[in-house]
Amino acid sequence: RPYTVGIYARLLRTHKRFAEAAAAASQSLAMVERPGGRDSDWRAWWVGEMHEQLGLIAREERRFDDARRSFETSLARHELLWGEAGPRAIEGRVILARTEQLAGNLDAALAQFRRAAELQVKHRSALEGARPISVLSYLDALSVAASQRPAERARLAAETLWAMQIPRGTETAKALRAMSTRIGSGDPKLAAVTRELQD
C-alpha cells in the first residue's frame, strides 16, 4: 500500500500535478513510518525515496529551501543503507548539487559535485555505476564557474579535464576492450584503429 501510493505520487509529479503529488508522497511516508512495521531496511529506503519525491516537487515549484531539506533527508537515508559511495547515495548528492545550482548557489553545487566525483573515483563500484548525465551536470557547473570567474579559469579547466575522465570505467570502456579482444588476431588495420580509439 505505501508503495502503490508512492508510485502514484511519482506519476502525479510527472504530470505536474504538484499539490496532489506532494499529498500522496506525504501519505506514503506517514504509512511507512507507522510504528510496528516489518522490513526496516525497505522502510528506510522508501522513506528516502519519498523524501526525494518531495524534494523534486519542491524544486519544480522553486521552493529551494524545502527541496534542499528533503534531498538532505533522502541522502542521509541512502547513505545509512548503502554507505556514502553507494550509487543511490551518489545520485542523491548529484540531485542536491543540481538543486543548489538552480538556486544560484554555485559554490555549494560545486562542493556536492566534487564530493560525488571523488567518491566515484575512489570506489570502483561507484565508478562502474557513474551515469554520464551526472558528469555532464558537473561539467555544466564548471563551465558556468569558468565564465563567471576568469581568474580561476586555468584551475577550472584542469578540473574539467579530470571530471571528463570519470566515466572511463563504464560501459564505453568495456565495449572498447571487448572489441579489441575480438579483433586481436584479425585485420592489423582494424586493430590499429581500435588502439587509437582506446588512446
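Shown above is the structure to which this text applies.
What counts and how
- Residues numbered from 1 in each chain as written.
- Predicted model: local features only at pLDDT ≥ 70, side-chain atom pairs only at ≥ 80, totals over all residues.
- Heavy atoms only, no water.
- Salt bridge = Lys/Arg side-chain N within 4 Å of Asp/Glu carboxyl O.
- Helix = DSSP H or I, 4+ residues; strand = E, 2+ residues; numbered from the N terminus.
- Buried < 20%, exposed > 50% of the residue type's maximum accessible area, 1.4 Å probe, protein only.
- Phe/Tyr/Trp six-rings, centres within 6.5 Å; stacked < 30°, edge-to-face > 60°.
- Core = buried A, V, L, I, M, F, W, Y, C linked by side-chain atoms within 4.5 Å.
- Contact = heavy atoms within 4.5 Å.

A word on the pattern of salt bridges
This model, assessed by the stated rule, comprises 19 salt bridges. Between Glu-49 and Arg-10 there is a salt bridge, with its nearest N and O atoms 2.8 Å apart. With Glu-49 in helix H3 (residues 40–60) and Arg-10 in helix H1 (residues 2–14), this pair connects stretches of sequence that are 39 residues apart. The partly exposed category is assigned to Arg-10, whose relative accessible area is 25%. Ionic pairing is found between Arg-93 and Glu-84, a salt bridge with its closest N-O pair at 3.6 Å. Counted as one network, the salt bridges with shared partners bring together Arg-10, Glu-49, Glu-52, Arg-88 and Glu-91.

So, the packing of aromatic side chains
For any pair of aromatic rings, the description rests on two quantities: the centre-to-centre distance and the angle between the ring planes. Inspection of every chain in the model, using the stated rule, returns 5 aromatic pairs. Relative to Trp-46, the ring of Trp-45 lies with its centre 5.3 Å away and its plane at 55°, an arrangement referred to as tilted. Relative accessible area serves as the criterion here: at 0%, Trp-46 is assigned to the buried category. Here a set of aromatic residues connected by ring pairs shows up, and it is made of Tyr-3, Trp-42, Trp-45 and Trp-46.

Some points on the nonpolar core
Buried together is how nonpolar side chains tend to be arranged in soluble globular proteins. Counting 21 residues, the largest nonpolar core has Leu-110, Phe-113, Tyr-138, Leu-142, Ala-163 and Ile-166 as the members making the most contacts within it. Counting only elements with at least two residues in this core, the list comes to helix H5 (87–102), helix H6 (106–122), helix H8 (132–148) and helix H9 (153–164). Once residues within four sequence positions are removed from consideration, Phe-113 is found in contact with Val-94, Ala-97, Arg-98, Gln-101, Ser-134, Ser-137, Tyr-138 and Ala-141. Leu-12, Ala-21, Ala-24 and Met-31 belong to the second largest nonpolar core, which has 15 residues in total.

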